[in-house]
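Spelled out from the first residue to the last, the chains are:
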Amino acid sequence: MQFGEFRLSVIRECNFRLDGGAMFGVVPKTLWSQVSPADELNRIQLSCNLLLIDTGSKKVLVETGMGSRWEKREAERYEVEMLVDDSNVLSSVGLSNDDVDAVIISHLHFDHAGGACRMVDGKLVPTFPKAKYYVQKGELDLARNPNARAKGSYRQDDFMPLIEHGVIAVIDGDKEIVPGVFAKVTGGHTSHHQVIYFESAGNKGVYFADIIPTKSHLSPPWVMGYDHFPLASCDVKSQWLTQAAKEKWLVVFDHEVGVPWGHVSLDEKGRFDFQALPAETLESDAVFSS
Ligand SMILES: [Zn+2]
């Protein structure tokens with residue numbers, strides 16, 4: 001989809017499932033199950049939606065998804081269904097892994113950094129060999145030394161090879177990665193979680209990452225049980241959504257199973273609503289359920 005002078009594409013990297021209760025925190029199941037039905041193991045369907053921003057001079061990939069390095073038992077636990085080949089992640093948009101100049105990872109949980117590296121001849125190598133991988137310093141510090149509560153969401157093999165190969169670009173705070181594409185720290189989900197804000201020729205957009213993973217998480221108090229700082233998530237959602245609604249930003253959701261981009265509106269009662277763009281705007285063969 002054209003976006004000012006940028007070209008945007010969504011690459012659906014995988015489908016997977018997580019526990020519905022963990023995905024909706026303190027929201028009662030009687031409410032969340034109406035918008036995200038659970039399976040017999042109480043899991044809900046999710047996707048990993050990567051965003052490719054082609055600015056004309058640089059190609060920036062937002063997130064890397066789950067990747068393919070999963071033991072059978074884990075793959076079954078999360079019902080991982082890979083939709084791309086990790087040697088050719090961008091084939092649906094006619095590009096190769098070598099074409100990516102920058103990768104921005106919102107935070108290092110396995111469903112965001114899992115695809116950062118891939119296994120070649122028994123060795124872990126960066127999936128996008130010519131790219132710099134942009135990660136917040138505070139996030140990397142936490143991921144390398146997580147406490148007992150945070151530990152289950154991080155795998156050292158997702159990011160340590162990036163350091164060993166010298167492709168990681170550690171940033172500390174908000175940063176313009178390439179002209180018009182910005183990493184902005186929100187906290188909430190993790191202490192240094194970042195969203196990706198982008199603008200071109202008067203168009204503005206944001207990739208919310210795990211601050212708003214699906215359209216069902218629009219309501220500010222509907223924050224994930226996984227969040228380290230849920231009250232901060234609630235506040236940061238209100239601030240970003242209010243501005244996004246007022247200025248008609250494009251919003252992109254990382255784990256939405258339907259069309260993952262569109263616009264938000266704010267009604268007179270203070271409720272946010274999401275209007276997805278038509279599926280044709282995705283220009284992709286991947287299946288996007290409605
Ligand atoms: Zn996630």
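See the structure printed just above.
The structure displayed is predicted, hence computed values, not measured ones. (Residues numbered from 1 in each chain as written. Predicted model: local features only at pLDDT ≥ 70, side-chain atom pairs only at ≥ 80, totals over all residues. Heavy atoms only, no water.)

Visitor: Any details on the overall build of the protein? Residues and values, ideally.
Guide: Of regular secondary structure, the protein possesses seven helices and 17 strands. The C-alpha radius of gyration of the protein comes to 18 Å, within 12% of the 19 Å expected for a compact globule of 290 residues. The principal-axis extent of the C-alpha atoms belonging to the protein is close to 55 × 45 × 35 Å. The buried share among the 290 residues of the protein stands at 54%. Sequence-distant contacts in the protein: of pairs separated by 6 or more residues, those separated by 24 or more amount to 67%. (Helix = DSSP H or I, 4+ residues; strand = E, 2+ residues; numbered from the N terminus. Rg over C-alpha atoms; globule rule 2.2 N^0.38 Å. Buried < 20%, exposed > 50% of the residue type's maximum accessible area, 1.4 Å probe, protein only. Contact = heavy atoms within 4.5 Å.)

Visitor: How would you sum up unusual backbone geometry? Please name residues and give values.
Guide: Backbone geometry at E63 places phi at a positive 75 degrees, although glycine is not the residue there. Looking at the element boundaries, E63 is found in the loop between β4 (59-62) and α3 (72-77).

Visitor: Outline helix α6 (residues 156-164), supporting the account with residue identities and numerical values.
Guide: Among all positions in α6, only D158, F159, P161 and L162 are buried. Buried positions in α6, seen along its axis, are confined to an arc of 155 degrees and lie on one side of it. Tucked inside the fold, the buried residues of α6 contact α4 (110-113), β7 (117-120), β8 (123-126), β9 (132-136), α5 (137-144) and β10 (168-171). Among the residues trailing α6, G166 stands out with phi positive, at a value near 70 degrees. (Arc of directions from axis to C-beta.)

Visitor: Pulling in residues and values, what's your account of the coordination of the zinc ion?
Guide: At 2.1 to 2.3 Å from the zinc ion lie its protein donor atoms, namely D111 (OD), H112 (NE2), D210 (OD) and H255 (NE2). Donor residues binding the zinc ion come from one chain and are separated in sequence as D-H-x97-D-x44-H. One end of the pair, D210, is in the loop between β14 (203-207) and α7 (230-246); the other, H255, is in the loop between β15 (250-252) and β16 (261-266), and 45 residues separate them in sequence. The two residues D210 and H255 agree in class, both being buried. (Donors = N, O, S within 2.8 Å, 3.2 Å for Na, K, Ca; no water.)

Visitor: Which residues make up the environment of Y78, and what values go with them?
Guide: Within the secondary structure, Y78 sits in the loop between α3 and β5 (81-82). C-alpha separation for the pair Y78 and H165, spaced 87 residues apart in sequence, amounts to 29 Å. Beyond its immediate sequence surroundings of up to four residues, Y78 is in contact with F16, R17, L18, R43, M66, W70 and F110.

Everything listed here is a matter of coordinates, which is why it stays silent on function.
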